[in-house]
2 protein chains.
Amino acid sequence: MAPNLDGYFAEVDKLSAHFIDRLKKAVAIPSVSAEAARRPDVVRMGEFLATELKNLGATVELRPLGKQPDQPALDLPPVVLARYGNDKAKRTVLVYGHYDVQPAEKSDGWATEPFELTVAEDGRMLGRGSTDDKGPVLGWLNAIEAHQRAGIDFPVNLLMCFEGMEEYGSEGLDDLIAAEGKKFFADADAVCISDNYWLGTEKPCLTYGLRGCNYYSVEVSGPAADLHSGVFGGTAQEPMTDLVRILASLVDTGGKIQIPGIAEQVAPVTADEESLYDGISFTMETLHESLGATTTIFEDKKSTLMARWRYPSLSVHGIEGAYSAPGAKTVIPAKVIGKFSIRTVPNMEIERTNEAVYKYVQDVFAKLGSKNTMKVYAQHTGKWWVASPNHWNFRAASKAVERVWNVKPDFTREGGSIPVTLSFEQATGKNVLLLPMGSSTDGAHSINEKLDKRNYIEGIKLLGTYLHHVAEEPQV
Amino acid sequence: MAPNLDGYFAEVDKLSAHFIDRLKKAVAIPSVSAEAARRPDVVRMGEFLATELKNLGATVELRPLGKQPDQPALDLPPVVLARYGNDKAKRTVLVYGHYDVQPAEKSDGWATEPFELTVAEDGRMLGRGSTDDKGPVLGWLNAIEAHQRAGIDFPVNLLMCFEGMEEYGSEGLDDLIAAEGKKFFADADAVCISDNYWLGTEKPCLTYGLRGCNYYSVEVSGPAADLHSGVFGGTAQEPMTDLVRILASLVDTGGKIQIPGIAEQVAPVTADEESLYDGISFTMETLHESLGATTTIFEDKKSTLMARWRYPSLSVHGIEGAYSAPGAKTVIPAKVIGKFSIRTVPNMEIERTNEAVYKYVQDVFAKLGSKNTMKVYAQHTGKWWVASPNHWNFRAASKAVERVWNVKPDFTREGGSIPVTLSFEQATGKNVLLLPMGSSTDGAHSINEKLDKRNYIEGIKLLGTYLHHVAEEPQV
């Protein structure tokens, strides 16, 4: 039976100015994790969250994570671990978010002060962290408060994990998640992460898949030091010549990966999946707008979405050690390192993919007949993630979207990686749902980052509604 | 008839401590042209030369060159234009050198203070500028002084052109040379430049050819801004994919240029030339030592020298706009600029070569079927230079080498460019000779730059002897 949420919705609307004020306070704390000088602000932001949560009656721990590996004198900001409710009769939902933000300076081109939440007449609320990820994090707190003020029983136990280093590689978090999987997170029946975005601007989505990423380096070295191309050109075998030939062999202009053993691992498209793409709220025009160009590989939506979500792709990122400045320099670089990565999808295996890459690159190099030395290796690898969108966790979220937004959500995957998703799935063994609050135009890492007021307020309703459906949704 | 030079040689030997002291004074002036803060030192070095020349009885002008184009507040150092002797019955030789030096700091790894000439027991005279090019420049002054002190008539009129910006692109010099070709340089019967090095360490050489250099950029652009490879990988055509394919098509590991219309322009090897290489004092071991590796294209000396001197070569230098730092970044660069250059040789024409490059790159790009935009253009071009080694100017120098060093010199070409050579040839219409003083191990642009005492003192004898042979050598 659908829960009656009219009282909750009315309370959220009534408290909307208060909730915007809470977001304003949070945006005012410049919790930039990438800048060591801002570390006290990051810590202050964690403490702000802890205080707010305690005021709402949650039990809170600020868990230290030790020193930052690349800056051994610097303490990592603490993880906020909180619990609201401990009723064995209720389901327990673990939610994740982050309270740190990307760097921002007015001089980068912001229309407003980045650390002052500025609400425009059209409802855009500009400010660094508004959508990524302070709005969604506060969404959970606001949902608790609206229940309390409306006198409605909170439908679940809520476990919260809010970190302060997401924009700097989530330093230290994986270890914590793994260690707490059977401890602090042990009661979780499902996981919900609100840290991504709708595919467009009008239709909400639920995200059930992400691609993985294997990042490779190819080093070619020859002479002991850089050479002058006048003196040595024509007499020495040049590492750059070999490297560009290797990089050119990896993928074609149409995006087709030339490495045998990759396509063979990709899960076949099922009839079920085939039917899924047409309904998705996405147009090629939106993509052209994002690109600022019409240089897409495919002309149609379905091929494009499949290429982004469910097929691997290979990108050549650059070359280290070669001449990269403007102007002209007649250097023969002695050692050059090409960088490329493969976005991976079900059912690709990391090791099998690595071996296919290594063998192919070695074969291409061998055919060059070069006297130079070549090494190929993975800099880092990360697995893809796909959850079951038929799980009760997704069904609850889908019903909540329909209730709040009057539309069935798109079930989407994403081309990028959110490594924490997989970490939570592996540590808890529970279904993980990505439930975005903001829209595709929010500009998370750009200047003029914003969260629309509508997305924030309706988003608070959505999070609360989701929890009520979690409480009611049958196991199967 | 060979001139009697015993008195001159004895005088040079007698004055050797004085000549080394003159070089010590010159090295002590840190005339680094690339550093604006050192500009007063560069000017002071020009004034030092002017004073020394006046003391020797030369007429001297310090010719201003205006402001430095890339630093409009900074005056270029003056060119020292000097004349010693004005006897219409004598031949007139124009000599060029430069009094500025490469940057140097003790902390770069120098064994000694770079701006203190330090004479080691084995005769190495360490110091920035010792061999490049203060030693050779002072060589001309020392030759004048030794003639005066020995009471020997100076055999020619000497025109001198010493610049202070050679290590920073010879800013302003080309215009001056062109303007003075029929004025200050009008009397010149031949030109001699001492600013290069022997091929090895034991046998002097005379250099009669240099390769030219055409430097190209290939720009490929697609999206309006850099993209995230997770979000866009597989959906957008990537400029880097196209660029590495273009760069890979230019040259192979064996150094063979793949562009039609280049090899066709190369002058055929004559029987005369064929016979020339075997006698040259050069070994593959020396090349391996310079490379710090055995990754040479050819296994034999003759093919190697021909590849360096008389065949074109193509080097890929790097890529601007792509990711070039250490580590891993999952970027799809929006616009990338590949840089490559072709070393040119007789009878390649600049325009014909450019057109062959443009057409080839355009054809390769067209075959990719890419929606991206591609531009290819020359950043700069410079013609090769080859003089007649049978000219009396070279015959005079060859006889001087035999007299001083008791060995016939190697007649060499070089793979690199010394653009001023061609400028003097074009402005004067006269034969230009490159007459090196230092040896291949002097490390002109490196730490621990040195000039061997033997090369300096015998070099002074060589320059003087050369002038005597210039005076006597018949026209044909």
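About the criteria used
Residues numbered from 1 in each chain as written. Chains lettered and ligands numbered in written order. Predicted model: local features only at pLDDT ≥ 70, side-chain atom pairs only at ≥ 80, totals over all residues. Heavy atoms only, no water. Helix = DSSP H or I, 4+ residues; strand = E, 2+ residues; numbered from the N terminus. Polar contact = N/O pair within 3.5 Å; in protein donor to acceptor, adjacent residues only side chain to side chain. Least-squares fit on C-alpha atoms with pLDDT ≥ 70 in both. Contact = heavy atoms within 4.5 Å. Buried < 20%, exposed > 50% of the residue type's maximum accessible area, 1.4 Å probe, protein only. Pairing = 2+ DSSP bridges. Axes fitted to C-alpha atoms, helices over the stretch in contact; angles between N-to-C directions. UniProt positions renumbered as here; feature names shortened; annotations may be inferred. pLDDT = per-residue confidence, 0-100. Arc of directions from axis to C-beta. Buried area = accessible area lost by both parts, 1.4 Å probe. Salt bridge = Lys/Arg side-chain N within 4 Å of Asp/Glu carboxyl O. Phe/Tyr/Trp six-rings, centres within 6.5 Å; stacked < 30°, edge-to-face > 60°. Lys NZ or Arg CZ within 6 Å of the ring centre and 35° of its normal.

With omega at 15°, the peptide bond leading from Asp-132 of chain A into Asp-133 of chain A counts as cis. Between Pro-346 of chain B and the following residue, Asn-347 of chain B, the backbone shows a cis peptide bond with an omega angle of 0°. Tracing the chain through its elements places Asn-347 of chain B in the loop between strand 15 (335-344) and helix 11 (350-368). Phi at Asn-448 of chain A takes a positive value of approximately 60°, unusual for a residue other than glycine.

Okay, the environment of Arg-128 of chain B next. With respect to the element layout, Arg-128 of chain B can be found in the loop between strand 7 (124-126) and helix 4 (130-150). Side chain to side chain, Arg-128 of chain B and Glu-449 of chain B meet in a polar contact 2.7 Å long.

Turning our eyes to something else, we now look at the relation of the copies chain B and chain A. Expressed as a screw transformation, the operator carrying chain B onto chain A has a rotation angle of 180° and an axial translation of 0.0 Å, and the superposed copies differ by an RMSD of 0.1 Å. Look at the turn and shift together and you get a two-fold axis relating the two. When each C-alpha of chain B is compared by its distance to the rotation axis, Val-244 of chain B comes out closest, at 2.7 Å. Mapped onto chain A, 100% of the interface residues of chain B are again interface residues, and the two copies thus contact each other with one and the same surface.

Residue and element names in this part refer to chain A. Burial within strand 11 (residues 212-221) is extensive, with nine of its ten residues counted as buried. Inspection of the sheet shows strand 11 paired to strand 15 (residues 335-344) by ten bridges, in the antiparallel sense. When the sheet's bridge partners are listed, Asn-214 is paired in strand 15 with Ile-342. Here strand 11 pairs with strand 16 (residues 373-382) via nine bridges, running antiparallel. For Val-218, the partnering residue across the bridge sits in strand 16 and is Val-376.

Let us look at the sheet that holds strand 13 (residues 313-320) of chain A. All names here are of chain A. Read across the sheet, four strands follow the order 13-15-11-16 without closing on themselves; strand pairing throughout is antiparallel. The sheet is open, and its two borders are formed by strand 13 and strand 16, each paired with just one other strand. Across this sheet, the average inter-strand angle for adjacent strands is 20°, counted without regard to direction. When strand 13 meets strand 15, the two strands line up antiparallel, connected through seven bridges.

What UniProt calls "domain: Peptidase M20 dimerisation" (unreviewed entry) maps, in this numbering, to residues 210-365 of chain A. Annotated as residues 210-365 of chain A, this span is 33% helix and 21% strand, and its ends, taken at the C-alpha atoms, are 32 Å apart.

In a beta sheet, neighbouring strands are held together by backbone hydrogen bonds and run either parallel or antiparallel to one another. Residue and element names in this part refer to chain A. A sheet is described by the order of its strands in space; here three strands give the open sequence 6-7-20, paired in antiparallel fashion. Looking at the sheet topology across the chains shown, the edges are occupied by strand 6 (118-119) and strand 20 (450-452). Docked against the sheet, helix 14 (residues 453-472) engages strand 7 (124-126) and strand 20, running at close to 65° with respect to strand 20.

Turning our eyes to something else, we now look at the confidence of the model for chain A. The predicted model of chain A averages 96 in pLDDT, with 100% of residues at 70 or higher. Predicted complex, confidence summary: ipTM 0.89, pTM 0.89.

Turning our eyes to something else, we now look at helix 5 (residues 173-180) of chain B. Residue and element names in this part refer to chain B. The set of residues buried in helix 5 consists of Leu-173, Leu-176, Ile-177 and Glu-180. One side of helix 5 holds all its buried residues, which, seen down the axis, span an arc of 100°. In helix 5, the exposed positions that point more than 90 degrees away from the buried face belong to Asp-175 and Ala-178. In this structure, the buried side of helix 5 is in contact with strand 1 (59-63), strand 4 (79-84), strand 5 (92-98), strand 8 (157-163) and helix 13 (419-428).

In this complex, chain B contributes 78 residues to the contact, which on the side of chain A involves 78 residues. Approximately 5700 Å² of surface area, both sides summed, lies buried where chain B meets chain A, with 54% of it carried by carbon and sulfur atoms. Together, Thr-235, Thr-253 and Lys-371 of chain B form the three largest contributors to the area buried by chain B at its contact with chain A, with a combined 12%. The interface formed by chain B and chain A includes two salt bridges. Linking Lys-371 of chain B and Glu-299 of chain A is a salt bridge whose minimum nitrogen-to-oxygen distance equals 2.5 Å. Along the contact surface separating chain B from chain A lie 45 residue pairs in polar contact (both at pLDDT 80 or more). Looking at which element gives the most residues to the side of chain B that touches chain A, the answer is strand 13 (residues 313-320) of chain B, with eight residues.

All names here are of chain A. Following the criterion strictly, the structure yields 65 salt bridges over all chains and no others. Notably, a salt bridge pairs Asp-187 with Arg-83, separated by 2.7 Å at the nearest N-O pair. One end of the pair, Asp-187, is in the loop between helix 5 (173-180) and strand 9 (190-193); the other, Arg-83, is in strand 4 (residues 79-84), and 104 residues separate them in sequence. Residue Asp-187 is classed as partly exposed on the basis of its relative accessible area of 31%. A residue is classified by how much of its surface remains accessible, and Arg-83, at 13% relative accessible area, is buried.

The next subject is the UniProt feature "binding site: substrate" (unreviewed entry) in chain A. Residue and element names in this part refer to chain A. Residues annotated in UniProt with the feature "binding site: substrate" (unreviewed entry) correspond here to Asp-195, His-228, Thr-330, Arg-343, Ser-417 and His-445. On the basis of their most widely separated C-alpha atoms, the annotated residues across 251 residues do not gather in one place, lying as much as 50.1 Å apart. Along the chain, Asp-195 turns up in the loop between strand 9 and strand 10 (205-210). The exposure class of Asp-195 is buried, given its relative accessible area of 10%. Tracing the backbone shows His-445 in the loop between strand 19 (432-434) and strand 20. A relative accessible area of 46% places His-445 in the partly exposed class. Polar side-chain contacts of His-445 include one of 3.2 Å to the side chain of Asp-132.

For the rest of this paragraph, the subject is the packing of aromatic side chains. Note on aromatic pairs: each is described by the distance of the centres and the angle between the planes. Tallied over the entire structure, the rule returns 20 aromatic pairs over all chains. Residues Phe-184 of chain B and Phe-185 of chain B carry aromatic rings whose centres are separated by 5.8 Å and whose planes lie at 70° to one another, so their mutual orientation is edge-to-face. Taking the relative accessible area as the measure of exposure, Phe-185 of chain B reaches 1% and is therefore buried. Ring pairing ties together the aromatic residues Tyr-96, Phe-184, Phe-185 and Phe-424 of chain A, which thus form one cluster. Over the ring of Trp-392 of chain A we find Arg-91 of chain A, and its NZ or CZ is 3.7 Å from the ring centre.

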